[in-house]
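# Coordinates in review
Chain by chain, the residues:
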Amino acid sequence: MTGTAVGVRHPRLRTGARYLLLILFAVPWIVLPFWLLLVNSFKTEGDASVLSMSWPLHWNAGANYSTVIDQGSYVVGLRNSALVAVPTILAVLLFGSMAAWSYARSTSRSLRFAYYGSALSIVLPPAIIPTIYVLTQFGLNGSRLGYMLTVAGTRLGVVVFLAAGFIRTLPVDFEEAAEIDGAGRWQIYRRMILPLLAPILFTGAVMLIISVWNDFYFALFLLQGSDRATLPLTLFQFASSSTHGVRWNLVFAHVVLTSLPLLAVYGVLQRRVLGGFTEGGVTG
């Protein structure tokens, strides 16, 4: 009995220690910055300029958020971010998973080098000047399509890397049996590979949403005109438009509104990711 009780207690202690470490990490790096952002978005301009974590002495939340929506081009930025992010992420997930399947099942040396090149794009710094030159030659510089192609190309390696490693762990026998039964490559991909890749693609989607939604570097150089500005660009333009210094109460309110769609989508996808991993673990 004593040995059993000790064995049960040790996993509980380890679990409690993990939660304690997560809390200690989350408080200074997540909770406090989020509280600073949120509470200062409720303050007046004078109170928010102190950048303190204290409760607002004078509430100004309604005026702050309405000013951001009316004068901060928030609706325009939200529309442009959605128009860019949704098709870009879907294209990256589709073509990245198809490429990963080809890389994982091929024994060709050239495709192996292509896989390494795709995976290497995750850590390589973006080359903005050659990108602008290529887009200019095709007449796409400054356009939304040119920006989407650039963002998709620089993020494709993430999905390829995640999906190819997962596909290599899957037995090839089922695919060969499906081929013998007359199934084409597209049918095998759509009915066998894609459902198995669902947890990996949901994980990749979360990473892509955070990356694409918050992209500022490529948007600054590749999108021309305020009518095409995404939310990070409208935030930058709004924060730098004042001639009397940064109005932190409005900047923080803009950041909160910019993050709300991201947090909502992340919350939905997080449940799907955890559920997919749980189903995969039970099946395995």
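Residues numbered from 1 in each chain as written. Predicted model: local features only at pLDDT ≥ 70, side-chain atom pairs only at ≥ 80, totals over all residues. Heavy atoms only, no water.

## Side note on the overall build of the protein chain
Let me state the cut-off plainly: Secondary structure follows DSSP: runs of H or I at least 4 residues long count as helices, runs of E at least 2 residues long count as strands, and numbering of each begins at the N terminus. When accessible area is computed with a 1.4 Å probe and restricted to protein chains, residues below 20% of their type maximum are described as buried, those above 50% as exposed, and intermediate ones as partly exposed. Residue contacts follow a heavy-atom distance rule, with two residues in contact if any of their heavy atoms lie within 4.5 Å. Exposure was quantified through the Shrake-Rupley algorithm and a 1.4 Å probe, taking into account, for residues, occlusion by the shown protein chains and nothing else.
A tally of helices and strands in the protein chain yields 13 helices and zero strands. Along the protein chain, from the amino end to the carboxyl end, the secondary structure elements read α-α-α-α-α-α-α-α-α-α-α-α-α. Classification of the 284 residues of the protein chain by burial places 33% in the buried group. Long-range pairs, those at least 24 residues apart, make up 71% of the contacts in the protein chain between residues at least 6 apart in sequence. Surface summary for the protein chain: the accessible area is close to 16,900 Å², and the carbon and sulfur share equals 69%.

## Overview of the packing of helix H4 (residues 74-105) against helix H10 (residues 198-213)
Quick note on the threshold: Here the axes come from fitting lines to C-alpha atoms, over the contacting stretch only for helices, and the angles between their N-to-C directions go from 0 to 180 degrees. Each crossing is labelled by how the near helix is turned from the far one, with a counterclockwise turn of less than a right angle marking it left-handed and a clockwise turn marking it right-handed. Lys, Arg, Asp and Glu make up the charged group, whereas Ala, Val, Leu, Ile, Met, Phe, Trp, Tyr, Cys and Pro make up the nonpolar group; the residues left over, Gly among them, are polar.
Put simply, H4 and H10 touch, their axes get as near as 10 Å, and they point 145° apart. Seen from above, H4 lies across H10 with right-handed handedness. Two secondary-structure elements touch here, H4 through Leu78, Ser81, Ala82, Ala85, Ile89, Val92, Leu93 and Ser97 and H10 through Leu201, Gly204, Ala205, Leu208, Ile209, Val212 and Trp213. For the contact of H4 with H10, the class distribution of residues is twelve nonpolar, three polar and no charged.

## Re the packing of aromatic side chains
Put simply, the rule reads: Each aromatic pair joins two rings of Phe, Tyr and Trp (for Trp, the six-membered one) with centres within 6.5 Å, and gets the label stacked for planes under 30 degrees apart, edge-to-face for over 60, and tilted for any other angle. Two conditions define a charge located above a ring, namely a distance within 6 Å from the ring centre to NZ of Lys or CZ of Arg, and an angle within 35 degrees of the ring normal.
A complete count under the given rule lists twelve aromatic pairs for this structure. On the numbers, 6.4 Å between centres and 50° between planes, the contact of phenylalanine 42 with tyrosine 65 is tilted. One end of the pair, phenylalanine 42, is in the loop between helix H1 (2-40) and helix H2 (45-48); the other, tyrosine 65, is in helix H3 (residues 61-71), with 23 residues separating them in the sequence. Measuring from centroid to centroid gives 5.6 Å for tyrosine 115 and tyrosine 116, while their planes differ by 55°, and the two rings are tilted. Through pairs of rings, three or more aromatic residues link up here, namely Trp35, Phe42, Trp55, Trp59 and Tyr65. One Lys or Arg, arginine 168, reaches over the ring of tyrosine 115 and ends 4.7 Å from the middle of that ring.

## A few points about the nonpolar core
The cut-off we apply is this: As used in this record, nonpolar core signifies buried Ala, Val, Leu, Ile, Met, Phe, Trp, Tyr and Cys residues forming a set joined through side-chain atoms within 4.5 Å.
Val68, Ile89, Leu93, Tyr147, Ile167, Ile193 and Leu197 are the most contacted members of the largest nonpolar core, which totals 52 residues. Sort the elements by how many residues they give to this core and H4 lands first, with ten residues. Residues in contact with isoleucine 193, not counting those within four places in the same chain, are Trp101, Ile167, Glu175 and Ile188.

## Comments concerning the pattern of salt bridges
Basically, it comes down to this: What makes a salt bridge here is a side-chain nitrogen of Lys or Arg within 4 Å of a carboxyl oxygen of Asp or Glu, nothing more.
In total, this model carries three salt bridges according to the counting rule given. Glutamate 179 is the partner of arginine 185 in a salt bridge, and the nearest nitrogen-oxygen pair spans 3.6 Å. With relative accessibility at 44%, the residue glutamate 179 sits in the partly exposed group.

## Points about the packing of helix H5 (residues 109-120) against helix H7 (residues 144-167)
This is how it is decided: Relative orientations are named as follows: roughly parallel for angles under 35 degrees, roughly antiparallel for angles over 145 degrees, roughly perpendicular for angles from 65 to 115 degrees, and oblique for any other angle.
As a packed pair, H5 and H7 sit with axes 7 Å apart at the nearest point and diverge in direction by 125°. Put simply, H5 runs oblique to H7. Where H5 crosses over H7, the two elements pack in a sense that is left-handed. Contact residues: Tyr115, Ser118 and Ala119 in H5; Gly157, Val160, Phe161 and Ala164 in H7. Among the residues forming the contact of H5 with H7, the class breakdown is five nonpolar, two polar and no charged.

## Brief notes about the confidence of the model for the protein chain
How we decide: Each residue carries a pLDDT value, the predictor's own confidence for that position, ranging from 0 to 100.
For the protein chain, the average pLDDT comes to 84, and 89% of its residues sit at 70 or higher. Mean pLDDT across the elements of the protein chain bottoms out in H1 (71) and peaks in H4 (93).

## Structural notes on the side chain of threonine 131
In this structure, threonine 131 sits in helix H6 (residues 128-137). If sequence neighbours within four positions are ignored, threonine 131 has contacts with Thr150 and Leu222.

## Describing the side chain of serine 41
We apply this condition: Polar contact is defined as a pair of N or O atoms within 3.5 Å, subject to the rule that within protein one atom must be able to donate a hydrogen and the other to accept it, and that residues adjacent in sequence are counted only when both atoms are side-chain atoms.
Positionally, serine 41 belongs in the loop between H1 and H2. A polar contact of 2.5 Å, which involves the side chain of serine 41, links it to the backbone oxygen of leucine 38. Dropping the residues within four chain positions of it, serine 41 is found in contact with Ala61, Asn64, Tyr65, Asn249, Phe252, Ala253 and Val256.

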